[in-house]
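Fold and geometry: a report
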Amino acid sequence: MVLSFRIAGREVGAGAAPFIIAEVAQAHDGSLGTAHAYIDAIAGAGADAVKFQTHIAAAESTPSEPWRIQFSLQDESRYAYWQRMEFSFSQWQGLKEHAVSCGLIFLSSPFSEEAVSLLERVDVPAWKIGSGEVMNLPLIQRVQRTGRPVLISSGMSSWEELDAVANCMRVPFAFMQCTSKYPCPPEEIGLHLISEMRQRYQVPAGLSDHSATPYAGLAAAALGVDLVEVHVVLDRRCFGPDTSSSLTISELSKLVEGTRFIHRSLQQRIDKDEVAEELVPMKRLFQKSVMLREDAPARYVLKAEDLILRKPGTGIPASDLEKVVGRKLRNAVAKNIPLQEDDLDDVG
């Protein structure tokens with residue numbers, strides 16, 4: 001198996017920073033202009049990739065397909081909705097070119113072999129298989145013939161089904177833990193399954209999250225996840241079936257920033273003693289020294305009640321307070337001045 005692979009030059013797995021995919025899906029509501037607006041917004045948020053869904057109604061559905069939720073006010077059927085979500089080859093090509101010009105990797109999930117053929121012409125660098133297509137082995141075999149990496153969501157799959165998919169894979173691939181509930185409650189996200197997938201299949205593993213918060217993605221980053229995918233929406237007041245399980249663009253930005261921060265903190269191992277040595281000057285400012293409560297003359301024998309602890313820590317440290325009690329001053333010392341070893345007679 002392959003512990004890492006590249007998508008358009010970007011390393012996925014093997015200690016690389018989590019690959020962050022912002023999923024537009026149908027949030028564009030069939031508007032090409034809105035789809036382009038999402039690309040600009042996602043690029044501004046700093047994600048690695050923008051992902052759409054490529055639906056060709058006649059190739060994937062029938063007029064009798066039921067709604068998951070009846071949300072559309074203008075489509076008589078789910079089939080009609082998929083028709084309205086379709087873009088032409090030239091429109092998909094324009095979206096990809098726009099994404100690349102913004103520094104984004106362009107991805108789109110195919111839901112039919114015809115959609116694979118269209119996206120192959122668009123030259124997508126990798127494939128994303130949605131949770132509902134995991135057991136569509138002909139579709140998975142079709143994308144494998146392109147030789148490009150495959151990202152597979154597991155939202156409705158059992159281990160037995162994932163085993164079957166893994167056994168048929170002949171190209172680099174990754175599994176993504178996912179629970180197909182919209183929005184997904186925290187107790188059903190299944191973060192613990194990510195490492196189990198990585199160990200079970202010896203491939204990169206990620207999280208496809210529908211919780212509508214950045215928290216799950218950040219937690220996954222802290223666990224060393226390889227990929228994070230989230231749905232995004234320009235505003236929670238936008239229309240669409242995935243709005244309730246999406247991040248806003250500002251939340252996406254925080255997820256990207258936090259994920260990369262966490263990755264850097266996990267990758268860098270520090271030497272505690274070296275850091276302490278480096279911070280000695282600051283330590284002197286923050287710590288406290290032993291000082292006199294009142295002025296005292298030379299030859300004065302110090303008692304506990306004569307001593308106080310105050311900043312800065314440029315004298316005898318607070319930790320040595322008890323060692324100062326009973327010692328004699330060599331010279332007069334003013335109050336509120338850090339005591340130094342040179343101010344005291346040797347013990348005994």
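Keep in mind that this is a model prediction, so the values were computed, not measured.

A short note on the overall build of the protein
- Along the backbone of the protein there are 13 helices and 13 strands.
- Principal-axis analysis of the C-alpha atoms places the extent of the protein at approximately 100 × 45 × 35 Å.
- Here the protein holds 348 residues, and 48% of them are scored as buried.
- Across the protein, the fraction of contacts at a sequence separation of at least 24, relative to all contacts at a separation of at least 6, is 63%.
- Surface summary for the protein: the accessible area is close to 16,800 Å², and the carbon and sulfur share equals 52%.
- Charged side chains of the protein number 36 positive and 45 negative; the gap between the two group centres comes to 6 Å.

Concerning the pattern of salt bridges
- As enumerated under the stated definition, the model contains 23 salt bridges in all.
- As a salt-bridge pair, glutamate 11 and arginine 6 come within 3.2 Å of each other at their nearest N and O atoms.
- The salt bridge partner of lysine 254 is glutamate 257, with a shortest N-O separation of 3.9 Å. In this pair, lysine 254 and glutamate 257 are both assigned in helix H10 (residues 249–267), three residues apart and thus about one turn of the helix distant. Each member of the pair, lysine 254 as well as glutamate 257, carries the same accessibility label: exposed.

Observations concerning the layout of surface pockets
- Put simply, the largest pocket is a space of about 700 Å³.
- Taken together, 33 residues make up the lining of the largest pocket; nearest its centre are Gln53, Arg78, Phe111, Gly132 and Tyr182.
- When residues of the lining of the largest pocket are traced back to their parent elements, those giving at least two are strand E4 (49–54), helix H3 (78–84) and strand E10 (227–233).
- Of the residues forming the lining of the largest pocket, the biggest block, three residues, is contributed by H3.
- The residue makeup of the lining of the largest pocket, split by class, is 10 nonpolar, 13 polar and 10 charged.

Quick notes on the nonpolar core
- Grouped together as the largest cluster of nonpolar side chains are 60 residues, with contacts concentrated most on Ile42 and Leu252.
- Per-element accounting of this core gives the leading share, six residues, to helix H1 (residues 32–45).
- If sequence neighbours within four positions are ignored, isoleucine 42 has contacts with Ala22, Val24, Ala47, Ala49, Val50, Leu104, Val232, Ile249 and Leu252.

Describing the side chain of serine 131
- For serine 131, the position within the fold is in the loop between strand E6 (127–129) and helix H6 (137–144).
- For serine 131, a relative accessible area of 13% gives the class buried.
- A polar atom in the side chain of serine 131 sits 2.8 Å from the backbone nitrogen of glycine 155.
- Setting aside anything within four residues of it in sequence, one finds serine 131 in contact with Ser153, Ser154, Gly155, Met156, Cys178 and Ser180.

Overview of the packing of H1 against helix H4 (residues 89–101)
- Direction vectors running N to C along H1 and H4 enclose 20°, while the axes themselves pass 9 Å from each other. As judged from the angle between their axes, H1 and H4 are roughly parallel. Where H1 crosses over H4, the handedness of that crossing is right-handed. Across the interface between the two elements, Leu32, Ala35, His36, Ile39 and Asp40 of H1 pack against Gln91, Gly94, Leu95, His98 and Ala99 of H4.
- Here the contact of H1 with H4 is composed, by residue class, of five nonpolar, four polar and one charged.

What to know about unusual backbone geometry
- Omega for the peptide link from tyrosine 182 to proline 183 comes to -5°, which places this bond in the cis form.
- With respect to the element layout, proline 183 can be found in the loop between strand E8 (173–177) and helix H8 (192–201).
- The omega angle of the peptide bond from lysine 311 to proline 312 is 5°, so this bond is cis rather than trans.
- With respect to the element layout, proline 312 can be found in the loop between strand E13 (307–310) and helix H13 (321–324).
- Phi is positive for aspartate 123, close to 75°, though the residue is something other than glycine.
- For aspartate 123, the location among the structural elements is in the loop between helix H5 (113–122) and E6.
- Even without being a glycine, arginine 299 presents a positive backbone phi close to 75°.
- Positionally, arginine 299 belongs in the loop between strand E12 (289–292) and E13.

Observations concerning the packing of aromatic side chains
- For the coordinates displayed, the defined rule picks out nine aromatic pairs.
- When the centroid spacing of 5.2 Å and the interplanar angle of 75° are considered together, the rings of phenylalanine 87 and tryptophan 92 count as edge-to-face. With respect to burial, phenylalanine 87 and tryptophan 92 carry one shared label: buried.
- Between tryptophan 159 and tyrosine 201, the ring centres sit 6.3 Å apart and the planes meet at 35°, which makes this aromatic pair tilted. Here tryptophan 159 is found in helix H7 (residues 159–168), whereas its partner tyrosine 201 is found in helix H8, with 42 residues between them in sequence.
- We classify tryptophan 159 as partly exposed; its relative accessible area is 27%.

Rules and cut-offs
Residues numbered from 1 in each chain as written. Predicted model: local features only at pLDDT ≥ 70, side-chain atom pairs only at ≥ 80, totals over all residues. Heavy atoms only, no water. Helix = DSSP H or I, 4+ residues; strand = E, 2+ residues; numbered from the N terminus. Buried < 20%, exposed > 50% of the residue type's maximum accessible area, 1.4 Å probe, protein only. Contact = heavy atoms within 4.5 Å. Areas by Shrake-Rupley, 256 points an atom, 1.4 Å probe, with all protein chains shown as cover. Lys, Arg positive; Asp, Glu negative; His and termini not counted. Charge placed at Lys NZ, Arg CZ, Asp CG, Glu CD. Salt bridge = Lys/Arg side-chain N within 4 Å of Asp/Glu carboxyl O. 1 Å grid on protein atoms, 1.4 Å probe; cavity = no way out; pocket = protein on both sides within 12 Å on 5 of 7 lines; lining within 4 Å. Points joined across faces, edges and corners; volume = space filled by probe spheres on them. Nonpolar A, V, L, I, M, F, W, Y, C, P; charged D, E, K, R; others polar. Core = buried A, V, L, I, M, F, W, Y, C linked by side-chain atoms within 4.5 Å. Polar contact = N/O pair within 3.5 Å; in protein donor to acceptor, adjacent residues only side chain to side chain. Axes fitted to C-alpha atoms, helices over the stretch in contact; angles between N-to-C directions. Parallel < 35°, antiparallel > 145°, perpendicular 65-115°, else oblique. Left-handed = near helix turned anticlockwise from the far one by under 90°. Phe/Tyr/Trp six-rings, centres within 6.5 Å; stacked < 30°, edge-to-face > 60°.

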